[in-house]
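Analysis of the macromolecular model
If you want the building blocks of each chain, they are given just below.
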Amino acid sequence: MNPLTIEERQKAFAIPKKQEVIERQKLPVRYHVEDFPIEDRPRRFLQAFAAILKHSNYRFVLDHYIRTSAKCSRCTVQCQVYEATKDLRDIPCYRSEMLLKVYRRHFTVAGLLRGRLTSDPGLTDEQIQEMARAFYDCTACRRCQIECPAGIDHGLVTHLGRYILAEIGIAPRALVVSTREQLIGETKNTSAIPLPALTDTIEFLEEEMAEIKGVEVKFPIDVEGADYLFIAPVSDFLMEAETLMGIACVMHAVNASWTLGTNNYDAINYGLFYSDHVLEKVLLNMEKEAERLKIKKGILIGECGHATRSARGYYNTYAKRYPLPIINVMEYTWDQIRAGKLKFDRNMIKETVTYHDPCNIARPGWIIEQPRNIIKYFIDDYVEMSPSRRNNFCCGGGGGTVSIDEIRPYRTTIGGRKKAEQISKTIKDGKAHYIIAPCANCKKQLRELIEDQKIPSTLVGLHDLIYKAIILSDDGVAWHDGNN
Amino acid sequence: MESWLEFGKGPLFRLCFALMVLGLLRTFSFSLLGIIGAYRKAGDKIVPWGDLTNKTISWLIPLGHLWKARPVYSFISFIWHIGLILVPLFLAAHVKLWKASVGFAWFNLPQRVADILTLTTITAAILLFVMRIGSSEARILSRKQDYFWPLLLAIPFVTGFLCANVSLSAGGYEACILIHIYSANLVMVLIPFTKVAHCMLLPLSQYVSGLGWKFPRDSGDRVAATLGKKEMPV
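Residues numbered from 1 in each chain as written. Chains lettered and ligands numbered in written order. Predicted model: local features only at pLDDT ≥ 70, side-chain atom pairs only at ≥ 80, totals over all residues.

Some thoughts on the packing of helix H6 (residues 92-107) of chain A against helix H8 (residues 125-137) of chain A
Residue and element names in this part refer to chain A. At a minimum axis separation of 10 Å, H6 and H8 run at an interaxial angle of 140°. By the angle between their axes, H6 is oblique relative to H8. For the crossing formed where H6 meets H8, the hand is left-handed. Along its contact with H6, which presents Arg95, Met98 and Leu99, the element H8 presents Gln127, Glu130, Met131 and Ala134. Counted by class, the contact of H6 with H8 contains 4 nonpolar, 1 polar and 2 charged residues. (Axes fitted to C-alpha atoms, helices over the stretch in contact; angles between N-to-C directions. Helix = DSSP H or I, 4+ residues; strand = E, 2+ residues; numbered from the N terminus. Parallel < 35°, antiparallel > 145°, perpendicular 65-115°, else oblique. Left-handed = near helix turned anticlockwise from the far one by under 90°. Contact = placed C-beta atoms within 7 Å. Nonpolar A, V, L, I, M, F, W, Y, C, P; charged D, E, K, R; others polar.)

Quick notes on the interface of chain B and chain A
Taken together, the contact pairs 53 residues of chain B with 52 residues of chain A. Counting residues per element, the ones that place at least two in the side of chain B that touches chain A are helix H1 (2-41), helix H2 (49-60), helix H6 (136-141), helix H9 (198-212) and helix H10 (219-226) of chain B. No other element matches H9(B), which puts 9 residues into the side of chain B that touches chain A. Taken together, the residues that form the side of chain B that touches chain A break down as 22 nonpolar, 18 polar and 13 charged.

Considerations on the sheet that holds strand S8 (residues 458-460) of chain A
Residue and element names in this part refer to chain A. Across the sheet, 4 strands lie side by side as S6-S5-S7-S8; this open sheet has parallel pairing. In the strand order of this sheet, the two ends are held by strand S6 (382-383) and S8, each with one partner. The pairing of strand S5 (residues 353-355) with strand S7 (residues 434-436) spans 3 bridges and is classified as parallel. Paired with threonine 354 across the strands is isoleucine 435, a residue of S7. Docked against the sheet, helix H20 (residues 369-378) engages S5, S6 and S7, running at close to 170° with respect to S5. (Pairing = 2+ DSSP bridges.)

A short note on the sheet that holds strand S4 (residues 326-328) of chain A
All names here are of chain A. Pairing is parallel across the open sheet formed by 4 strands, whose spatial order is S2-S1-S3-S4. Among the strands making up the open sheet, the edge pair consists of strand S2 (258-259) and S4. Pairing of strand S3 (residues 298-301) with S4 involves 3 bridges; the strand directions are parallel. Note that in S4 the partner of isoleucine 301 across the bridge is asparagine 328. Relative to S4, helix H18 (residues 329-338) is tilted by about 75°, and along the sheet it contacts S3 and S4.

Structural notes on the nonpolar core
As a rule of thumb, nonpolar side chains are buried together in soluble globular proteins. Residue and element names in this part refer to chain A. Leu229, Cys249, Ile299, Ile301, Ala311 and Ile436 are the most contacted members of the largest nonpolar core, which totals 191 residues. Broken down by element, the residue count for this core peaks at 8 residues, all from helix H14 (residues 241-253). Residues contacting leucine 229, with those up to four places away along its chain left out, are Thr259, Gly261, Glu289, Ala290, Leu293, Ile295, Ile299 and Leu300. (Core = buried A, V, L, I, M, F, W, Y, C linked by C-beta atoms within 7 Å. Buried ≥ 20, exposed ≤ 12 C-beta atoms within 10 Å, placed from the backbone.)

Details of the domain arrangement of chain A
All names here are of chain A. Taken domain by domain, chain A comprises domain 1 (6-171), domain 2 (188-338) and domain 3 (353-469). The C-alpha centroid of domain 3 is placed 22 Å from the C-alpha centroid of domain 2. Contact residues are listed per partner, giving 27 residues for domain 2 and 24 residues for domain 3. Looking at the side of domain 2 that touches domain 3, the elements with two or more residues in it are H14, helix H15 (271-274), helix H17 (305-318) and H18. (Domains from an automatic or database assignment.)

A short note on H14(A)
Residue and element names in this part refer to chain A. Compared with the 18 Å implied by 1.5 Å per residue over 13 residues, the 18 Å span of H14 between its first and last C-alpha is a close match. The buried fraction of H14 amounts to 11 of the 13 residues, a majority that puts the element mostly inside the structure. Considered for burial, the residues of H14 that qualify are Thr243, Leu244, Met245, Gly246, Ile247, Ala248, Cys249, Val250, Met251, His252 and Ala253. Those residues of H14 that are buried are in contact with helix H12 (195-213), helix H13 (236-239), S2, H18 and helix H24 (462-469). Looking one or two residues past H14, asparagine 255 carries a phi angle of roughly 55°, positive in sign. (Expected span 1.5 Å × (residues − 1).)

With respect to the pairing of S3(A)
Residue and element names in this part refer to chain A. Where strand S1 (residues 228-231) meets S3, 4 bridges bridge the pair, whose relative direction is parallel. From the neighbouring strand, tyrosine 228 faces S3, where its bridge partner is glycine 298. What joins S3 to S4 is H17, and the crossover it makes is right-handed. (Right-handed = clockwise from strand over helix to strand, strands pointing away.)

Some details on the confidence of the model for chain A
For chain A, the mean per-residue pLDDT works out to 94, and 97% of the residues sit at or above 70. Taken as a whole, residues 476-484 of chain A scores under 50 in pLDDT and shows 20 contacts with residues more than four places along the chain or in a different chain. (pLDDT = per-residue confidence, 0-100.)

Quick word on unusual backbone geometry
Residues and elements named next belong to chain A. In this structure, the amide linkage connecting serine 386 to the following residue, proline 387, adopts the cis form with an omega of 0°. Mapped onto the elements, proline 387 comes out in the loop between S6 and helix H21 (408-415). Its identity as a non-glycine residue notwithstanding, serine 119 has a phi of 55°, on the positive side. By the element assignment, serine 119 lies in the loop between helix H7 (109-118) and H8. The backbone of aspartate 222 sits at a positive phi, close to 50°, despite the residue not being glycine.

Structure below.
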């Protein structure tokens, strides 16, 4: 990887906050944080830590990690943040040790005894400040876990560290404000899109599809008893019109029974990034909507990695009244192709395409081959990035950091540096024109990355290209021949 | 000297061995019970057991991982572990002692193979130690025990090798065997209380990380209630 220039370093590490705010909050981190009491922060951190340990499943994990961590430093070559900064504090194992150290000192008998014997005062506010920096420099991509011989999931430790910090008021304002709007705001979504604006957008998209495709394609709204409740990351309605139109065309072509819900049209769940409590609340709202609409078969999540992971991983953890399967729209589309229900114009996409695996759906091995199968079904010229699939590089905006606009220089200089190099190499080797990133977070980050790093390519969603190439029959009846 | 030797081989060995076995069983049980407890408390019971098992096997026989990250270090570490596991368990002299003590035994390594493994283990110990002190990345991660272990583990191997090749330990055989026995006893006592406990815990690691992501239902509410923040919306 090319080393950082002095200018890049200055730009990436600049803190866009007033000095008075940093001093008032005693928090020299790049992201903005809402004011929260700073007195007695170590004690409150330990209280929150204790409460979380008491009511969750984390304790045995930390016990196991402090016994097995061998400090082998193999994770140094897996972490793209450390590879860019070469700051030893960015080594995943070092970052995790910040929290494991607190656990060992304050929550194990040996640590408490040693603390007494050595008069060690324990957790300090400086340690908290350091954790607040470290846990948000990590993109939570979990690539380091793949090559950890001890099986330590540093992403899980980061997740827990952020949760504890959030309980004492340290969480990026960007995430907190969006979540507040989603959970108790008037619009009930993270982008604060009012319902009338949403329906206007949907009407516009329907008109657009009628004009381009010559077929009346609808986004059904509030259809009781539909098979599928479709929930996209709400930002798609602002930024990813073609993704949504592609999805609508697929649903139209297969004559699917589906609906959007007006009480909940946002799949974004920042709880996955900073609070299990938020994670649960967002998913319970999803359950309420599915129950209100008496959804029969499942919840269809739009193109989004973290929304898919949070829903698939946790909907059935929390939603006990109305359990449903969670399906990503790419899985659904591939199933329809396999069933021979979709028809494409294979001459529509002539450019070379490549595919970026979103960490949240690829790392667990959930959605890897389905999008590739879809791409290869109607596009001839496909090149693979290397590495890819479960071992992919993160876009650099993972773990919710993409939504923190004030750290864009950091994300596109440090977090996404490795990805930018990989994309440049893929373009050079395979002359890829389209980069497909089926994830709202990855799309935003990669667009900013391409722009800031001046990489000549076009970032799209998978259904954007499906929208271009799908053939809808004139009478709106689905194709069933299955031949291409 | 003779009485020290007898004590080290007899009661002390039995005590240290018992401490090691019981200590490892204790830590293993904690992790295993943790996994079971997490599964029971988890809000949903869908666990990718197959995937976690595949990952576990891939790390118990880590040949596929060696070249993927820090290949030189990984290869040395692999060689190191082979010697550490095979020589103490399958050295002919050790097997004979077991046979004499408990009445049964298992196959043993040819002496020549054991000698080669011993030498590679000693070499690996030195290299791992040098690589640890020579790398700023490893240094910032290292605790005292991380430096200590390769050196401590090398002692029984060096002295064992000298004892097995009497011509090398000419005159000092008794001292060598004494150091060999006492250092091995020390190793056994320390294993359960240090990172070397991973010798028993590694088969559980992937399951621990997998189950760690399974959350109990209502845990967020209960945390908020405990912290007196139940009424704070976000």
